[in-house]
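Spelled out, the chains give:
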Amino acid sequence: MTPGFTGGLLNRADHLRHDADGLAAAMGDWRARLLKLDNFEPDLADDGRLRWASLADVPDGAELVLLGLDGDRPHFAALMPGMKAPPPRSMRLFGMLDRFAPGEAATYAAARSVLDWHCRHRFCANCAGTTAMFRAGWARRCDSCGAEHFPRVDPVVIMIAEHEGHALLGRQAAWPQGRYSALAGFLEPGESMEEAVTREIFEEAGVRVSNVRYIASQPWPFPSSLMIACVADAADDALTLDANELEDAIWVSRDEVRAVLAGDATTPFLAPPRYAIAHTLLTAWVQA
């Protein structure tokens, strides 16, 4: 199983982030490519591949972020003048997320997340001075105090509680009618992955769990999270829901989940989309 937004095909070329001359040569390479974006949304070809342009198309005032190398051919994304953090995902983008060719979604995820981070970090969190891009676009430095800031990834646990062959799934009111998925929540400071899983399941569903097992992880570029998928053993199946988090929660059998994943229209709920790691997690669970 390959979770969505993973399997990137570019060499991230960390050595060029520290090499001013090498980076300048990459920017001057006539073969260098620029990722085509429309307000953070990709230009996707019919075969699911990202579209690229020449660096000659970079407008005045834009700043380049090195995404990596394909062989020795540089690939960049551009922070455009006046670019602002993106709005919520559009229906157009939702329609693209299951169309990416293998590896392409990972490249898009990296570009979207780092550009979004630049838009949100033009000022220093230490002294409020203005910051400037350096390290090939993978850091910003304060013009006033010299503090260096780097793109961050927010860890999120996403998990199934298991009890007597059944998995606990929940749904939020904003989701499409009938969709259920794994519970999820952000890790908090001073907390391990296992502790976050235990806390989140109890807070959202009132279920005590133990024996937390890691399954897989996935970048989630909205704006920049790492989804950490786990399974844990539940002490019982009694539920006490936090209505602020969940509209409903249900226990489902492996046969029910297997039918849902297979697209059986008679099943009582809808599966999470294939690009979401909840789909990967459910697939791993039914195969266990």
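The paragraphs below set out a description of the structure included in this document. Just so it is clear, the structure is predicted and the values come from calculations on it, not from any experiment. (Residues numbered from 1 in each chain as written. Predicted model: local features only at pLDDT ≥ 70, side-chain atom pairs only at ≥ 80, totals over all residues. Heavy atoms only, no water.)

### Here's the deal with the overall build of the chain
When you go through the chain residue by residue, the secondary structure sums to 7 helices and 15 strands. Its C-alpha atoms give the chain principal-axis dimensions of about 60 × 45 × 30 Å. Of all 288 residues assigned to the chain, the portion counted as buried reaches 50%. For the chain, the share of sequence-separated contacts (at least 6 apart) that also reach a separation of at least 24 residues comes to 62%. By element, 50% of the accessible surface of the chain is carried by carbon and sulfur atoms, the whole surface being about 14,200 Å². (Helix = DSSP H or I, 4+ residues; strand = E, 2+ residues; numbered from the N terminus. Buried < 20%, exposed > 50% of the residue type's maximum accessible area, 1.4 Å probe, protein only. Contact = heavy atoms within 4.5 Å. Areas by Shrake-Rupley, 256 points an atom, 1.4 Å probe, with all protein chains shown as cover.)

### Notes on the packing of helix 6 (residues 254-261) against helix 7 (residues 277-287)
Each pair of packed helices can be described by the angle between their axes along with the distance between the axes. The geometry of helix 6 relative to helix 7 is characterised by a closest axis approach of 10 Å and an angle of 130° between their N-to-C directions. With respect to each other, helix 6 and helix 7 are oriented oblique. Crossing hand, helix 6 versus helix 7: left-handed. Between helix 6 and helix 7, the contacting residues are Arg-254, Val-257, Arg-258 and Leu-261 on the first element and His-279, Leu-282, Thr-283, Trp-285 and Val-286 on the second. A breakdown of the residues in the contact of helix 6 with helix 7 according to their chemical character gives 5 nonpolar, 2 polar and 2 charged. (Axes fitted to C-alpha atoms, helices over the stretch in contact; angles between N-to-C directions. Parallel < 35°, antiparallel > 145°, perpendicular 65-115°, else oblique. Left-handed = near helix turned anticlockwise from the far one by under 90°. Nonpolar A, V, L, I, M, F, W, Y, C, P; charged D, E, K, R; others polar.)

### Considering the sheet that holds strand 8 (residues 139-142)
The 3 strands lie next to each other as 7-8-9, forming an open sheet whose pairing is antiparallel. Both outer strands of the open sheet, strand 7 (131-134) and strand 9 (148-149), are each paired with one neighbouring strand and no more. In the sheet, strand 8 pairs with strand 9 via 2 bridges, with the strands oriented antiparallel. Residue Arg-141 lies in a different strand from strand 9, and its bridge partner there is Glu-148. The strands touched by helix 4 (residues 104-120) are strand 7, strand 8 and strand 9; relative to strand 8, the strand with the most contacts, the crossing angle is about 15°. (Pairing = 2+ DSSP bridges.)

### Some words on the sheet that holds strand 6 (residues 73-79)
Spatial strand order, 4-1-6-5: 4 strands in an open sheet with mixed pairing. Since the sheet does not close on itself, it has two edges, and those belong to strand 4 (52-54) and strand 5 (63-70), each with one partner. Strand-to-strand twist across the sheet, computed as the mean angle between neighbouring axes with direction ignored, equals 40°. Pairing geometry for strand 5 and strand 6, over 7 bridges, is antiparallel. Directly across from Val-65, in strand 6, lies its bridge partner Ala-77. Each of strand 5 and strand 6 is contacted by helix 2 (residues 20-27), which is oriented at about 90° to strand 6, the strand it contacts most. Most of the contacts of helix 4 go to strand 6, to which it runs at about 40°, and overall it touches strand 1 (33-35), strand 4, strand 5 and strand 6.

### Side note on the pairing of strand 12 (residues 183-186)
By the alternation rule, side chains of strand 12 split into Leu-183 and Gly-185, which are all buried, and Ala-184 and Phe-186, of which none is buried. The pairing of strand 10 (residues 154-163) with strand 12 spans 4 bridges and is classified as antiparallel. By the bridge assignment, Val-157 is partnered in strand 12 with Gly-185.

### A word on the side chain of Asp-29
For Asp-29, the position within the fold is in the loop between helix 2 and strand 1. A relative accessible area of 18% means that Asp-29 is categorised as buried. If we ignore the near neighbours within four places in the chain, the residues touching Asp-29 are Asp-72 and Pro-74.

### Digging into the pattern of salt bridges
This structure, assessed with the given rule, holds 19 salt bridges. In this structure, Asp-43 and Arg-51 form a salt bridge, with 3.1 Å as the shortest nitrogen-oxygen distance. Taking relative accessible area as the criterion, Asp-43 reaches 25% and is therefore assigned partly exposed. A salt bridge links Arg-199 to Glu-200, with the nearest nitrogen and oxygen atoms 3.0 Å apart. The exposure classification of Arg-199 matches that of Glu-200, with both residues buried. (Salt bridge = Lys/Arg side-chain N within 4 Å of Asp/Glu carboxyl O.)

### Concerning the environment of Leu-183
Of note, Leu-183 is situated in strand 12. Look at Leu-183 and you get buried, because its relative accessible area is 3%. Put simply, Leu-183 and Leu-261 are 78 residues apart on the chain and 18 Å apart in space, counted from C-alpha to C-alpha. If we skip the residues at most four places from it in the chain, Leu-183 touches Val-157, Ile-158, Met-159, Leu-168, Leu-169, Gly-170, Ile-201, Glu-204, Ala-205 and Leu-246.

### As for the nonpolar core
Among the nonpolar cores identified, the biggest contains 51 residues, and Phe-5, Leu-115, Ile-160 and Val-257 are the most heavily contacted of them. Val-257 has contacts with Val-252, Phe-269, Leu-282, Trp-285 and Val-286, leaving out every residue within four places of it along the chain. Ranked by size, the runner-up nonpolar core spans 20 residues in total, among them Met-159, Ala-196, Val-197 and Ala-205. (Core = buried A, V, L, I, M, F, W, Y, C linked by side-chain atoms within 4.5 Å.)

### Thoughts on helix 7
The buried fraction of helix 7 is high, at 10 of 11 residues. Listed as buried for helix 7 are Ile-277, Ala-278, His-279, Thr-280, Leu-281, Leu-282, Thr-283, Ala-284, Trp-285 and Val-286. Looking at the packing, one finds that the buried side of helix 7 touches strand 10, strand 11 (166-171), strand 13 (209-220), strand 14 (225-234), strand 15 (248-253) and helix 6.

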